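One-letter residues, chain by chain:
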Amino acid sequence: MKRRTLLAASVAALGLASAGAAFAADKTKVGFVFVGPIGDGGWTYEHNEGRLAVEEHFGDAVETIYQESVPEGADAERVLTQMALSGADLIFTTSFGYMDPTLNVAAKFPDVKFEHATGYKRADNVSTYSARFYEGRAVQGTIAGHMTKSNVVGYIASFPIPEVIRGINSAYIHAKKVNPDVEFKVIWAYTWFDPAKEADAANALIEQGADVILQHTDSTAPQAAAEKAGNVITFGQASDMGEYAPMPRVSSIIDNWAPYYIARTQAVIDGSWTSVDTWDGIGAGMVGIGEISSAVPEDVKAEALALKDAIANGSYHPFTGPLKKQDGSDWLAEGETADDGTLAGMNFYVEGITGDIPQ
Amino acid sequence: MLRLEKRPTPSRFWTAATPVLAVLLTMIAGGLLFMILGKDPFAAIRTIFWDPLFNEQFASYSRPQLLVKSGPLILIAIGLSLGFRAGIWNIGAEGQYIIGALCGAGVGLALYPMDAWFIFPLMVIAGALGGLLWAMIPALLKTHFRTNEILVSLLLVYVAEQLLASMALGLMRNPEGGGFPGSRNLQQYPSASNPELIAGTGMHWGIVAAFIAVIASYVLLNRHLLGFQIRLTGQSPRAARFAGVNPNALILFCLGTSGVLAGLAGLFEIAGPAGQVSIDFNQGYGFTAIIVAFLGRLNPIGILLAGLLMGLTYIGGDLAQFMLGLPAAAIQAFQGMLLFFLLGVDVLSNFRIRIGKTEAA
């Protein structure tokens, strides 16, 4: 019986793990907990691509397991515990809301390594990792500022957390730089993945005159809404969303988790895994910029790519002063760049953005 | 030829047997579904129904989790069943669940970091009142303005969800949370937490409350005049009025009770397994409880069993997903089949199947 052997193997793995020889089992088991379905075409899709890359890289030495559409909260804790019980050696929890459940379960399974995406709480066996998506937003903002004719840029935001606010600020600063008349309209969708809500938000923004739609939600519904409206451009989010190129999708931010997942799995196999906080951007390859399509004029494309290169080689930081906060108070002086602490907890808009962050 | 013949009264045997038959049919149809997906159907069914209870590797953890998952479902479904029996349709238990949780957690968070025995009891009262308050809106609108309680209670769920988001981002946000949404974790605040009562059993106050609700509802329905009035109103509203039942009082009682129980379920969940006020704290217990109420035939004992079965499919479904690589959608389809077959085979309790030619009509 297939299941018998599977169980026997994992029981054996568990036995070995408790005997303190966690890595002596013939296969390293790597678990992934996903917040959306693996076919969302965005966030979860890219994490799953990372999982598949791990499988391909290690072949028979590693077995991966995953669970999709896991609600954030009490259910996540149960799923994580069951994964740990099934003999997983390393578990990636790929959404912000899994933070406390990850910490709770990690405390119960000291021999299992955990990696929590986008969070800020760590432990001896819990690492955190995230990507500097705001670097990609700077490139998007530059293209958006040049491309808009109505000077209204629509932004579908998910939840008012620092990561999302950073993205809005970064895109706005760089759009404003190339087009001083640009105006941002932000709609908070309160979801990471809900095609119906995302399409509604996109349509509402288009009706308000937006001819560029940026999104921080994971589905391709806004792309479809823009395609239907015509003459509206969009950017792929988390994944390339290349099926909507060259119009409406003119470029994208691509999350590339594969190198990180492979490196961390290797560390578990080698026994060299330690708890770290990773925050990589374009330079390290964790954030990719999808091909800028033919709908974008050559000079704009060249400017965007130059900005991308400057960020990648470290010569330019997207948050460089002089910058003021929305209320007019000073934030960064001429030439000063934002420190990671402020960025990680960012809860204010920069000067010029209208509207309030929901409280 | 097959022919349906209406029974004069619903068959007692089939009323009890159809849930079992529905589960069996779900296993067969689900097994076929899993087979088409290229998985071993027997392994899948066993992983869902057997492993959470008896697998030596998981059972010691998942058996208690079964209680944790089923507790709120049973508590809410018991409240709903009273109204459903009387033809009063509270579809918005999810909203009452959220408001109960918010009120209860609000009390706990307001008193942080005070250390006193009375904080948790206060939170329980606040949670019950919160659920009651939210249920009284459709109740009073119905008794005074004849509005439809189905629509009002359902739409109030979305209002409650917005309130929840607002609280998680604003008033109840953890001041030490670095700007991230979500309140302090009540699990880490002993005076306000709803911990496991006996380690390793999953038993917390919410499950105790669920068991009490099952017993109380059984006594109410079978031994008390009010229970008789509820059943009578459901069967014949006109007869009930002649029997002296005050329909408005009954509406207030049924919606109020289901609101209180849903509010309590929310409070016990937020102070226990969930721990914090977060934007997506609610996971649809209020809606799933409607299925549980009907799966359990609106009968307290039936609801207890149906709640446990529903919890089992959730926990077993989780296991099947990552042990066998089944997609989440297949598990949801499997759960949906359960309700579908239950409603489908219900025909057996009301109709007799005759095989043969129609007699002279």
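Residues numbered from 1 in each chain as written. Chains lettered and ligands numbered in written order. Predicted model: local features only at pLDDT ≥ 70, side-chain atom pairs only at ≥ 80, totals over all residues.

**Quick look at the sheet that holds strand E8 (residues 212-215) of chain A**
As a general point, the strands of a sheet are linked pairwise by backbone hydrogen bonds and lie either parallel or antiparallel. Residues and elements named next belong to chain A. Stated formally: Should DSSP find at least two bridges between two strands, the strands are regarded as paired. The helix and strand labels rest on DSSP assignments: H or I over at least four residues marks a helix, E over at least two residues marks a strand, and numbering proceeds from the N terminus. Angles shown run from 0 to 180 degrees and are taken between the N-to-C directions of axes, each axis being a line fitted to C-alpha atoms and, for helices, limited to the stretch in contact.
Taken together, six strands build an open sheet; the order of strands is E7-E6-E8-E9-E10-E12 and the sheet is mixed. Each of the sheet's edge strands pairs with one partner strand only, and the pair in question is strand E7 (183-188) and strand E12 (287-290). Averaged over all neighbouring strand pairs, the angle between strand axes comes to 20°, with direction disregarded. Sheet topology note: the strand E10 (residues 249-255)/E12 ladder contains four bridges and is antiparallel. When the sheet's bridge partners are listed, isoleucine 254 is paired in E12 with glycine 288.

**Examining the environment of Gly92(B)**
Here is the rule we go by: Once C-beta atoms are placed from the backbone, any two residues with those atoms within 7 Å are in contact.
Along the chain, the position of Gly92(B) falls in the loop between helix H4 (59-85) and helix H5 (93-111). In contact with Gly92(B), other than residues within four places in its own chain, are Pro138(B), Ser153(B), Leu154(B), Leu156(B) and Val157(B).

**Brief notes about the sheet that holds strand E11 (residues 277-280) of chain A**
As summarised here, the arrangement of the six strands in space is E2-E1-E3-E4-E5-E11 (chain A), forming an open sheet in which the pairing is parallel. One side of each edge strand has no neighbouring strand; the edge strands of this open sheet are strand E2 (62-67) and E11 of chain A. In this sheet, adjacent strand axes meet at a mean angle of 15° when their direction is disregarded. Pairing between strand E4 (residues 113-117) of chain A and strand E5 (residues 126-131) of chain A: four bridges, direction parallel. Its bridge partner lying in E5(A), Phe114(A) is registered against Val126(A). In the packing of helix H13 (residues 300-324) of chain B onto the sheet, the strands contacted are strand E1 (28-33) and E2 of chain A, and the crossing angle to E2(A) comes to about 150°.

**A few points about the environment of Ala320(B)**
Residue and element names in this part refer to chain B. Quick note on the threshold: Three exposure classes are used, all based on how many other C-beta atoms lie within 10 Å of a residue's own C-beta (placed from the backbone): buried at 20 or more, exposed at 12 or fewer, and partly exposed between those limits.
Its location among the elements puts alanine 320 in helix H13. A count of 27 C-beta atoms within 10 Å places alanine 320 in the buried class. Separated by 274 residues in sequence, alanine 320 and arginine 46 place their C-alpha atoms 9.0 Å apart. Apart from the residues lying within four places of it in its own chain, the contact partners of alanine 320 are Ala44, Thr47, Ile48, Leu326 and Ile331.

**Description of the packing of helix H1 (residues 12-36) of chain B against helix H14 (residues 328-345) of chain B**
All names here are of chain B. For clarity, the threshold we go by: For classification purposes, angles smaller than 35 degrees are called roughly parallel, those larger than 145 roughly antiparallel, those between 65 and 115 roughly perpendicular, and all remaining angles oblique. Each crossing gets its hand from how the near helix is turned against the far one by less than a right angle, where anticlockwise is left-handed and clockwise is right-handed. Lys, Arg, Asp and Glu make up the charged group, whereas Ala, Val, Leu, Ile, Met, Phe, Trp, Tyr, Cys and Pro make up the nonpolar group; the residues left over, Gly among them, are polar.
At a minimum axis distance of 8 Å, the contact between H1 and H14 shows a crossing angle of 140°. Comparing the axis directions of H1 and H14 gives the class oblique. The handedness of the crossing between H1 and H14 is right-handed. Residues Thr18, Pro19, Leu21, Ala22, Val23, Leu25, Thr26, Ala29, Gly30, Leu33 and Phe34 of H1 form the contact with H14, whose own contacting residues are Ala330, Ala333, Phe334, Met337, Leu338, Phe341, Leu342 and Val345. Across the contact of H1 with H14, the residue classes break down as 16 nonpolar, three polar and no charged.

**Section: the confidence of the model for chain A**
As a reminder of what qualifies: Think of pLDDT as the predictor's per-residue confidence, scored from 0 to 100.
Overall, the predicted model of chain A reaches an average pLDDT of 89, with 93% of residues at or above 70. Counted against residues more than four places away or in other chains, residues 1-24 of chain A, with its pLDDT under 50, gives 27 contacts.

**Structural notes on the interface of chain A and chain B**
The interface of chain A with chain B comprises 38 residues on the first partner and 31 residues on the second. Mapped onto the side of chain A that touches chain B, the elements with two or more residues apiece are helix H1 (2-18), E2 and helix H3 (74-85) of chain A. Residues of the side of chain A that touches chain B, tallied by class, amount to 19 nonpolar, twelve polar and seven charged.

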